[in-house]
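Residue-level structure breakdown
Spelled out from the first residue to the last, the chains are:
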Amino acid sequence: MTMDSSGSSWFQEDPAPSRQEQVVQRICTRVAGSGVHVASLPLGGVQVWLDSPRHRWRFYHRMARELRLAGWHTETGPDRLLLLGWSAVCLSHRARMLRAALAGRLADFDRTAFTAVMIATRLGHEGFPAGELPGEVEARCGDALRWPARLADLDGLERGSSLEPLRLRLAQVAGLEAKVARRCGEHLALASKVARTVAGGAAPARSHVRESGDSGSSTAGLTERMVGVSVPNSVPDGALSAGTAR
């Protein structure tokens, strides 16, 4: 029943992958690209291996870092990566990273607005279709934020534990993830709005994007001034750099 080949599962594979396997597959494919294989272990957990031996060790460590950030304990071997269940330490680390994101990058709406202006202006000069510009800018800003993809990776996964301490940590993480998801949504809505402004050449309407209810402060004013300066009614070559230099 077991197999010795490093290019296959150690155990007989279930033809129907579990939800956990699907989630692990998404995370590892996002990190390493194609050629990722995932299979369950008999007593719980998941094994992951790659087709190509090139840079395998580096990819295993990158995948392990993302899986630990999701809250799982991992072990990295010479030919595969093992995921062995929820870890209190890794879940606590995820909670810290979510809080850091809320207080750091996700609190900076002006950076998102500026990034959206730069991307939209560059794509406009390259002849990107104006109707598709907001969606493309939103996607690229989402990639820059990183958390939208990380949260989407876990969609559909029911997270639970028979151990009370782990259940409490999972609940804490779920609450923080909800806050991060809302904040990411606000950033992406702002990016799309800025892209539409660049594509249409109109002055931006008043923004109602705010930081989380914890602080209650609005970032609208500075964002509006920056976008208003950066996006004139028409955007000729060099206009962005001239506007931002003011």
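Residues numbered from 1 in each chain as written. Predicted model: local features only at pLDDT ≥ 70, side-chain atom pairs only at ≥ 80, totals over all residues. Heavy atoms only, no water.

When helices and strands are tallied, the protein shows nine helices and four strands. Scanning the protein from its N terminus toward the C terminus, one meets helices and strands in the order α-β-β-α-β-β-α-α-α-α-α-α-α. Looking at the protein as a whole, 41% of its 246 residues are labelled buried. Pairs at least 24 apart in sequence give 60% of the contacts found in the protein among residues at least 6 apart. For the protein, the exposed surface amounts to about 12,800 Å²; the carbon and sulfur share of it is 54%. (Helix = DSSP H or I, 4+ residues; strand = E, 2+ residues; numbered from the N terminus. Buried < 20%, exposed > 50% of the residue type's maximum accessible area, 1.4 Å probe, protein only. Contact = heavy atoms within 4.5 Å. Areas by Shrake-Rupley, 256 points an atom, 1.4 Å probe, with all protein chains shown as cover.)

It is worth spelling out the pairing of strand β1 (residues 36-40) at this point. As defined by bridge partners, β1 adjoins strand β2 (residues 46-50) across five bridges and the pair is classed as antiparallel. Across the sheet, S40 pairs through a bridge with V46, a residue of β2. Remark: five residues form the turn of the hairpin made by β1 and β2, two consecutive strands paired antiparallel; G44 in that turn has positive phi of roughly 110 degrees. (Pairing = 2+ DSSP bridges.)

What follows covers helix α4 (residues 109-125). Under the 1.5 Å per step criterion, the end-to-end length of α4 is 24 Å for 17 residues, consistent within 8% with the ideal 24 Å. When we look at burial in α4, the residues that qualify are F109, D110, T112, A113, A116, V117, I119, A120, T121 and L123. Measuring from the side-chain oxygen of the N-cap residue of α4 to the backbone nitrogen of D110 gives 3.4 Å; that N-cap residue is D108. Once α4 ends, the next one or two residues include G127, with phi positive near 85 degrees. (Expected span 1.5 Å × (residues − 1). Polar contact = N/O pair within 3.5 Å; in protein donor to acceptor, adjacent residues only side chain to side chain.)

Here we take up the sheet that holds β1. Ordered in space as β1-β2-β4-β3, the four strands form an open sheet in which the pairing is antiparallel. Among the strands making up the open sheet, the edge pair consists of β1 and β3 (72-76). Averaged over all pairs of adjacent strands, the angle between strand axes in this sheet comes to 25 degrees, irrespective of strand direction. Note that β2 and strand β4 (residues 81-86) share three bridges and pair antiparallel. Paired with Q47 across the two strands is L82, which belongs to β4. With respect to the sheet, helix α1 (residues 19-32) is in contact with β1, β2, β3 and β4, its orientation differing from that of β1 by roughly 160 degrees. Helix α2 (residues 56-70) rests against β2, β3 and β4 of the sheet, and its axis sits at about 165 degrees to β3. (Axes fitted to C-alpha atoms, helices over the stretch in contact; angles between N-to-C directions.)

Further remarks concern the confidence of the model for the protein. Per-residue pLDDT for the protein has a mean of 80; in total, 74% of the residues score no lower than 70. When mean pLDDT is taken per element in the protein, helix α3 (residues 88-103) scores highest with 96 and helix α9 (residues 239-244) scores lowest with 39. Ignoring residues within four places in sequence, the model shows residues 202-220, a span with pLDDT below 50, making 33 contacts including any to other chains. This stretch, residues 229-246, has a pLDDT under 50; its non-local contacts, to residues over four places away or in other chains, come to 22 contacts. (pLDDT = per-residue confidence, 0-100.)

A few words now on the side chain of Q47. For Q47, the location among the structural elements is in strand β2. One polar contact links Q47 to R80, side chain to side chain, over a distance of 2.7 Å.

Remark: α3 packs on helix α7 (residues 164-200), axes separated minimally by 9 Å, with the N-to-C direction vectors making an angle of 25 degrees. In terms of orientation, α3 and α7 fall into the roughly parallel class. Read as a crossing pair, α3 and α7 show a hand that is left-handed. Within the contact between the two elements, α3 uses A88, L91, S92, R94, A95, L98, R99 and L102 and α7 uses L166, R169, L170, Q172, V173, L176, E177, K179, V180 and R183. Counted by class, the contact of α3 with α7 contains ten nonpolar, two polar and six charged residues. (Parallel < 35°, antiparallel > 145°, perpendicular 65-115°, else oblique. Left-handed = near helix turned anticlockwise from the far one by under 90°. Nonpolar A, V, L, I, M, F, W, Y, C, P; charged D, E, K, R; others polar.)

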